Amino acid sequence: MKIAVVLLIFVLVALAAPAIAPYDPRATPQSETQKNMPPSAAHPFGTDEFSRDVLSRVMYGSRVSLGVAAAAVALAMTLGAAVGATAGYAGGWTDLICMRFVDAMLSVPRVLLLLVLVASTGPLSVGGIILLLGLTGWGSTSRLIRGEVMQLKERDYVLASRATGTREWRVFVTHVLPGAVPQLLVAGTLALATVIPLEAGLSFLGLGVQPPTASWGNIISDAAERPGDTWWVVLFPGLAIVCTVLAVNTIGERLRQRADPRQQVIQ
């Protein structure tokens, strides 16, 4: 999978940024000659209005953008799986109450909800952004896992295990929960492709990761007033976002096809 190599490169760059970044991403040289420099041999991605090296900031920004997205998705998948599996397996009033809460949550557009929450609290720390993105992104996952668990608990091997007197919690942990893992992996991968631009958008608006900490969104915002004059400040972090989201989406779609062969398109 060539597309997986693209994602792997971004992950490796994020992990190795302190060792491979050519400059300190927060360093602001006082020389006016280094301000808003176009790409050159010394600065392959150019410099911004504060004379900071854009390549170094994009490298360090990948640590923040990918780290925030991965942590937020992990939180959302955990909550979504817990609520969905509980509702689907227990059924009855438990299912009804859980799903009505999920429906109410999904009735509000996520972007609007994020903007209202962040605007009311002010700029958040990195940990606060992770919590916010995670706590607003688990609804669709819970609905997906609920449906999967409802199907799995009616399978013959599950019914046979229950008929032998196996305790319900053991049936759930041993037979039902493992069967939902493939769908959870697919949901998590596709959610990652959604959270990355969400975090970038919040940071671009000044509501997410705050300068001087670099994230792909706030790097782009540095050139928001003059994107035509300092196109390189917008282009390179923008390409990082697009390439990463495209890679994650492609991997997610291929995982979806493997999890459900019926979705494969016959060439």
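Above: the structure in question.
Before going further, it helps to examine the side chain of Ser-161. When you line up the elements, Ser-161 lands in helix α7 (residues 156-163). A relative accessible area of 11% places Ser-161 in the buried class. Within the structure, the side chain of Ser-161 is placed 3.4 Å from the side chain of His-175, a separation counted as a polar contact. Those residues within four positions of Ser-161 in sequence are excluded, and the remaining contacts are Thr-166, Val-171 and His-175.

What follows deals with the nonpolar core. The biggest cluster of nonpolar side chains holds 49 residues, and the ones touching the most others in it are Leu-133 and Trp-216. For this core, the secondary structure elements donating two or more residues are α1 (2-20), α2 (54-90), α3 (92-106), α4 (110-121), α5 (126-135), α8 (168-204), α9 (216-221) and α10 (231-259). Per-element tally for this core: the top contributor is α2, with 11 residues. For Leu-133, the residues in contact, after removing those within four places along its chain, are Val-68, Ala-72, Arg-110, Leu-114, Val-195, Leu-198, Glu-199 and Leu-202. Within the second largest apolar cluster, 10 residues are counted, among which are Tyr-89, Val-158, Val-171 and Phe-172.

Turning our eyes to something else, we now look at the pattern of salt bridges. Summed over the entire model, instances satisfying the criterion amount to nine salt bridges. Arg-57 is the partner of Asp-222 in a salt bridge, and the nearest nitrogen-oxygen pair spans 3.9 Å. Placement of the pair is Asp-222 in the loop between α9 and α10 and Arg-57 in helix α2, with a sequence separation of 165 residues. Among the residues examined, Asp-222 registers a relative accessible area of 18% and is labelled buried. Taking relative accessible area as the criterion, Arg-57 reaches 1% and is therefore assigned buried. Residues participating in the shared-partner salt-bridge network are Asp-48, Arg-52, Arg-57 and Asp-222.

Criteria and cut-off values
- Residue indices begin from 1 for each chain and proceed along its sequence in written order.
- Note on the predicted model: pLDDT of at least 70 is required for a residue's local features to be given, and 80 or more for side-chain atom pairs to be given and counted; whole-chain, interface and lining totals, by contrast, use all residues.
- Side-chain metrics in this entry use all non-hydrogen atoms of the structure; hydrogen atoms and water are not considered.
- Helical segments are the DSSP runs of H or I of at least four residues, strand segments are the runs of E of at least two, and each set is numbered from the N terminus.
- Only protein chains enter the area calculation, which uses a 1.4 Å probe; residues under 20% of their type maximum are buried, those over 50% are exposed, and those in between are partly exposed.
- In protein, a polar contact requires one atom able to donate a hydrogen and another able to accept it; more generally it is a pair of N or O atoms within 3.5 Å, and residues adjacent in sequence count only if both atoms are side-chain atoms.
- Should any heavy atoms of two residues lie within 4.5 Å, those residues are considered in contact.
- The set of buried Ala, Val, Leu, Ile, Met, Phe, Trp, Tyr and Cys residues whose side-chain atoms join them within 4.5 Å is what this entry labels a nonpolar core.
- Counted as salt bridges are all cases of a side-chain nitrogen of Lys or Arg within 4 Å of a carboxyl oxygen of Asp or Glu.

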